[in-house]
Amino acid sequence: MRDLPSVAGLSLTLLCCGLLLAPPAMAQPSKPGEQVYREVCVVCHAAGVANAPKFGDKKAWTPLIAEGQAVLTAHAWVGVRGMPAKGGNPQLSLDEFSRAAAYMARAAGGNWKDPDAKMLAAIKAEEKKRIASLNTKK
Ligand code: HEC
């Protein structure tokens, strides 16, 4: 009976240490939107190359943001005119791309969140629609 509290205390300590030592990087393998923006999108979107909507330019972004996060993100992901598919970086995941798009939308006054599973599913659905509509055009 005298030993019980210390045993409980010890296992609690071990449990806590185990949690603290678990590498947090494992839980987040892909990059945050700001980093993706700086590494990939900045090349065109900082200066507005080829009419890219400029970072932080509310006038340019407001009508785009109004198209909705799933639609706009999907169209950009597939590519539109001067906007290359995946921002021209085939290594980019849809998660990362979508977070970068949300980051740019927020910088221009939008309230887009980093996409959760539901939003990602909506983006994928829009991506399919977009590809289908591009394939029927000749
Ligand atoms: C090579 C230059 C280039 C790069 C790199 C680039 N973009 Fe773009 N982006 C453009 C251009 C040009 C447009 C305007 C396309 C148009 O409407 O004519 C555009 C438009 C967009 C749009 C609006 C799409 C629409 O339907 O009008 C989004 C969203 C977007 N880009 C997101 C991104 C993200 C996110 C990245 C980085 C992962 C990125 N872009 C990287 C050139 C680029």
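As a starting point, this report considers the structure included with it.

Definitions and limits used
- Along each chain, numbering runs from 1 in the same order as the chain's sequence is written.
- Only residues with pLDDT of 70 or above have their local features reported here, since the model is predicted, and side-chain atom pairs are shown and tallied only from 80 upward, although totals for entire chains, interfaces and linings are computed over all residues.
- As a convention, hydrogens and water are excluded, and side-chain values are obtained from all of the structure's heavy atoms.
- Secondary structure is summarised from DSSP: a helix means a run of H or I of at least four residues, a strand means a run of E of at least two, and numbering begins at the N terminus for each.
- Throughout, a contact is declared for two residues whenever any of their heavy atoms are within 4.5 Å.
- Any N, O or S atom lying within 2.8 Å of the metal counts as a donor, with the limit raised to 3.2 Å for Na, K and Ca; because water is left out of the atom set, some sites can appear incomplete.
- Sites are called tetrahedral only when four donors show all angles between 85 and 135 degrees, square planar or octahedral only when four or six donors show opposite pairs over 155 degrees and all other angles between 65 and 115, and irregular in any remaining case.
- To sort residues, take the accessible area from a 1.4 Å probe on protein chains only and compare it with the maximum for the residue type: under 20% means buried, over 50% means exposed, and anything in between is partly exposed.
- Here an axis means a line fitted to C-alpha atoms, over the contact stretch when the element is a helix, while the angle between two N-to-C directions is reported on a 0 to 180 degree scale.
- For classification, angles of less than 35 degrees are called roughly parallel, those exceeding 145 degrees roughly antiparallel, those between 65 and 115 degrees roughly perpendicular, and all remaining angles oblique.
- Note on convention: near helix rotated counterclockwise from far helix by under a right angle means a left-handed crossing. Clockwise means right-handed.
- A helix's residues, less one, multiplied by 1.5 Å, set its expected span.
- Distance and chemistry together define a polar contact, namely a pair of N or O atoms within 3.5 Å, with one atom able to donate a hydrogen and the other to accept it when in protein, and with adjacent residues in sequence counting only for side-chain atoms on both sides.
- Take the buried residues of types Ala, Val, Leu, Ile, Met, Phe, Trp, Tyr and Cys, join any two whose side-chain atoms come within 4.5 Å, and each joined set is a nonpolar core.

**Thoughts on the overall build of the protein**
From N to C terminus, the protein includes 6 helices and 0 strands. Starting at the N terminus and walking to the C terminus, you meet the elements of the protein as α-α-α-α-α-α. In the protein, 57% of the contacts between residues at least 6 apart in sequence involve partners at least 24 apart.

**Comments concerning the coordination of the iron atom of the ligand**
Listed as protein donors to the iron atom of the ligand are His45 (NE2) and Met83 (SD); their distances from the metal cover 2.0 Å. Angles of 87 to 180° at the metal separate the 6 donor atoms of the iron atom of the ligand, which places the site in the octahedral class. On the criterion of sequence distance, the pair formed by histidine 45 in helix α2 (residues 33–45) and methionine 83 in the loop between α4 (69–78) and α5 (94–107) is long-range, its members being 38 residues apart. Like histidine 45, the residue methionine 83 is buried in the burial classification.

**Considering the packing of α4 against helix α6 (residues 117–136)**
Where α4 meets α6, the axes come as close as 8 Å, and the angle between the chain directions of the two elements is 55°. Judged on the interaxial angle alone, α6 and α4 are oblique. Like other packed secondary-structure pairs, α4 and α6 cross with a definite hand, here right-handed. Within the contact between the two elements, α4 uses Gln69, Ala70, Val71, Thr73, Ala74, His75, Trp77 and Val78 and α6 uses Met119, Ala122, Ile123, Glu126, Glu127, Arg130, Ile131 and Leu134.

**Looking at α5**
The terminal C-alpha atoms of α5 lie 20 Å apart, and with 14 residues this matches the ideal 20 Å at 1.5 Å per residue to within 8%. The buried fraction of α5 is high, at 11 of 14 residues. Every buried residue belonging to α5 is among Leu94, Glu96, Phe97, Ser98, Arg99, Ala100, Ala101, Ala102, Tyr103, Met104 and Ala105, and all of these are buried. Buried residues along α5 sit against α2, α3 (58–65), α4 and α6. Following α5 by one or two positions, glycine 109 has its phi on the positive side, about 95°.

**Section: the side chain of serine 30**
Checked against the element boundaries, serine 30 lands in the loop between α1 (4–21) and α2. At 2.4 Å, the side chain of serine 30 and the side chain of arginine 99 are in polar contact.

**Some points on the nonpolar core**
Of all hydrophobic cores here, the largest spans 24 residues; its most connected members are Val36, Cys41, Trp61, Ile65, Phe97, Trp112 and Ile123. Of all the elements in the fold, those that place two or more residues in this core are α2, α3, α4, α5 and α6. Counting residues per element, this core draws most heavily on α5, at 7 residues. Apart from the residues within four sequence positions on either side, isoleucine 65 is in contact with Leu72, Ala105, Ala108, Gly110 and Trp112.

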